[in-house]
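Examination of the molecular architecture
Each chain, written out:
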Amino acid sequence: MLIEQLQKIVGPKGWTTDPVTLKPRLTDWRSVVRGATPIAVSPACTEEVSAVVRACADANVAIVPQGGNTGMCAGAIPDESGTQIILSLARMNKIRAVDAANFSMEVEAGCILENVQNAARNVDRLFALSLGAEGSCQIGGNLSTNAGGINVLRYGTARAQVLGLEAVLADGTVISNLRSLRKDTAGYDLKHLFIGSEGTLGIITAATLKLYPDPGPKTTALVALGSSGDAVRLLAHLRSAMSDSIEAFELVSKYVFDLVEKHIPDTLVPFSTAAPWYVLLEVAGNNNGSLLENVLLEAANSELLLDAIIAKNSAEAERFWRMRHSIAEAERAEGPAQKHDISVPVSRIEDFLQRGDRLLADLVPEAQLLAFGHVGDGNIHYNVALPEGSDDGPRVTEAIYELVEEMGGSFSGEHGIGRSKRQFLSKYRDENEIELMRTLKQAMDPKNILNPGKVF
Ligand code: FAD
Ligand code: MLT
Ligand code: ZN
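Quick look at the structure, then. A quick note: this is a predicted structure, and the numbers were derived from the prediction, not measured.

This brings us to empty space enclosed by the protein. Scanning the model with the defined rule gives two cavities of 30 Å³ or more in all. Around the largest cavity, the lining residues are Gly-149, Ile-150, Asn-151, Val-152, Leu-153, Phe-249, Glu-250, His-374, Val-375, Gly-376 and Asp-377. Among the residues forming the lining of the largest cavity, the class breakdown is five nonpolar, four polar and two charged. Reported here for the second largest cavity is a volume of approximately 30 Å³. Put simply, the parts of the chain that give the lining of the second largest cavity at least two residues each are α9 (254–263) and α12 (327–334). Residue composition of the lining of the second largest cavity, grouped by class: five nonpolar, one polar and two charged.

Taken together, Met-72, Arg-324, Ala-328, Lys-339, Phe-372, His-374, His-381, Glu-414 and His-415 make up the full set of residues near ligand 2. A distance of 3.1 Å is found between an oxygen atom of ligand 2 and a side-chain nitrogen or oxygen belonging to His-374. In the environment of ligand 2, an oxygen atom lies 3.0 Å from a nitrogen or oxygen atom belonging to the side chain of Glu-414. Out of a free accessible area of 270 Å², ligand 2 has 85% covered by protein chains. Taken together, the residues of the shell around ligand 2 sort by class into three nonpolar, three polar and three charged.

Turning our eyes to something else, we now look at the sheet that holds strand β4 (residues 85–88). Strand pairing in a sheet relies on backbone hydrogen bonds, with the paired strands running either antiparallel or parallel. Pairing is mixed in the open sheet, where four strands are placed in the order β1-β2-β4-β3. Every interior strand has two partners, whereas the edge strands, β1 (15–16) and β3 (63–66), have only one. Pairing of β1 with strand β2 (residues 40–41) involves two bridges; the strand directions are antiparallel. Paired with Trp-15 across the bridge in β2 is Val-41.

Before going further, it helps to examine α9. When we look at burial in α9, the residues that qualify are Val-256, Phe-257, Leu-259 and Val-260. End-on, the buried residues of α9 take up no more than an arc of 150 degrees, which puts them together on one face.

Taken together, 36 residues lie near ligand 1, and Pro-65, Gly-67, Gly-68, Thr-70 and Gly-71 sit nearest. Between ligand 1 and Asn-69 there is a distance of 2.8 Å, counted from an oxygen atom to a backbone nitrogen or oxygen. At 2.7 Å from an oxygen atom of ligand 1 is found a side-chain nitrogen or oxygen belonging to Thr-70. Contact with the protein chains removes 95% of the 970 Å² of surface that ligand 1 exposes when unbound. Residue assignment for the shell around ligand 1 shows that the elements contributing at least two residues are β3, α5 (139–144) and β10 (203–210).

Attention now moves to the pairing of β10. Note on strand geometry: in a regular strand, side chains alternate between the two faces of the sheet. Within β10, seven of the eight residues are buried, leaving the element largely enclosed by the surrounding structure. In the sheet, strand β6 (residues 104–108) pairs with β10 via five bridges, with the strands oriented antiparallel. Within β10, the position partnered with Glu-106 by the bridge is Thr-208. Note: strand β8 (residues 162–168) against β10, six bridges, orientation antiparallel.

In this structure, the second largest pocket encloses a volume near 780 Å³. Lining the second largest pocket are 35 residues; nearest its centre among them are Arg-159, Ile-195, Gly-196, Ser-197 and Glu-198. Looking at the lining of the second largest pocket, the elements with two or more residues in it are α7 (191–194) and α16 (431–444). Counting residues per element, the lining of the second largest pocket draws most heavily on α16, at four residues. Classifying every residue of the lining of the second largest pocket by side-chain character gives twelve nonpolar, 15 polar and eight charged.

Basis of the calculations
- Residues numbered from 1 in each chain as written.
- Chains lettered and ligands numbered in written order.
- Predicted model: local features only at pLDDT ≥ 70, side-chain atom pairs only at ≥ 80, totals over all residues.
- Heavy atoms only, no water.
- 1 Å grid on protein atoms, 1.4 Å probe; cavity = no way out; pocket = protein on both sides within 12 Å on 5 of 7 lines; lining within 4 Å.
- Points joined across faces, edges and corners; volume = space filled by probe spheres on them.
- Nonpolar A, V, L, I, M, F, W, Y, C, P; charged D, E, K, R; others polar.
- Helix = DSSP H or I, 4+ residues; strand = E, 2+ residues; numbered from the N terminus.
- Near = heavy atom within 4 Å.
- Polar contact = N/O pair within 3.5 Å; in protein donor to acceptor, adjacent residues only side chain to side chain.
- Areas by Shrake-Rupley, 256 points an atom, 1.4 Å probe, with all protein chains shown as cover.
- Pairing = 2+ DSSP bridges.
- Buried < 20%, exposed > 50% of the residue type's maximum accessible area, 1.4 Å probe, protein only.
- Arc of directions from axis to C-beta.

Rendered as structure tokens:
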């Protein structure tokens, strides 16, 4: 009965019950988690989303919002009961308006991130969010997970790119504030409830996004380093010398780049001598290329770095970035490691990595560490590949999270909680914070139909 009602709301192009079409939507990008559903619906507009949610609320049926399904915590996958429906935003993919003079644009939630970036570029503007999955993740998914990526150092996370938001609540009510204002102090800023709440408080249907001026010509460099601490010191040095022209500063261990070379065709770390750590960095702006060259030269003279290659042209820069953006794929090809998406204060990255090494050596000496991440954000992907058949996973995770907690960090730096990290939220967040989160959830979704089993 509900199924027919949903089919009617979204029309013949807006649903599927075909098991073959549904299959890729029922497992996460890493193929670690599986779920079941009777139907996936793809509404074409906000009114249809609202009608779908209202029908589900009346029938007490849970809804799992799904964007590009590139999330790393299985937040977009229904549970195994086969009762939860998938609500895909894929058909809501219009760029509604671009206002170059106001440095803003209004987009529907199902727009692919790369299309949003291109629409901004077409009017000489920058949409500052960028990450490896940008060719398939959706802006609604980016906002729901408060995604990070490679440019947070300069521009902030997804949350910082939003001026206005439209969302559908658990009873179908539409909350719409798509104003493109930089200043608006009228009451609570409700958009932040939906950003980063992983589809548990509402379904994002559209957003007004902040744009920046084109930051100018880019210079990309790959740097070989003797230690992770040198990466932190080099970043501080660069920031002092070049202020906020540093767009990206990404750390990658030798082993991680070895995996990229092994699994991703036509990739090669271009140094004649291998180093334990590499940084891929990018600066933007006229004249900043030569400034970067001088700063790197100085850093080499004072033995802060081992070697550096500045990309000669955009093709070489793209080759460097391809290696960085392929890390998740290489890791998946090797056999998904146990992910720890942690953050610590930037000044404590080296200490964390050293203590983490000792901890792993004690717990599982045969474990292989895959460490990489966003140095400027203190966000390290501290992933651990355990020997086949090992049951040390939970012990390792617990020990790493305890270390992170002790260092004033977060067990969930970038990807959210989803289905995979929910058991840790109440352990590592203050009781009063958890209580307030639950109060909000209860008030906004009293029937618990919006992405249940995620976050909490
Ligand atoms: P999905 O995976 O479909 O959904 C993610 C969560 O958001 C789910 O809980 C889902 O229910 C909810 N959701 C989706 N759309 C909506 C909506 N419209 N309204 C309400 N809830 C919704 N992440 C980073 O932060 N930084 C990175 O650098 C990064 N790099 C990546 C690289 C690769 C190769 C891959 C595969 C992933 C990477 N990710 C990264 C993770 C992922 O791409 C991001 O979390 C992304 O923002 C998810 O977008 P999506 O559209 O795929 O969302
Ligand atoms: C990245 O930084 O590449 C992403 O967050 C993806 C990952 O953690 O694998
Ligand atoms: Zn990341």
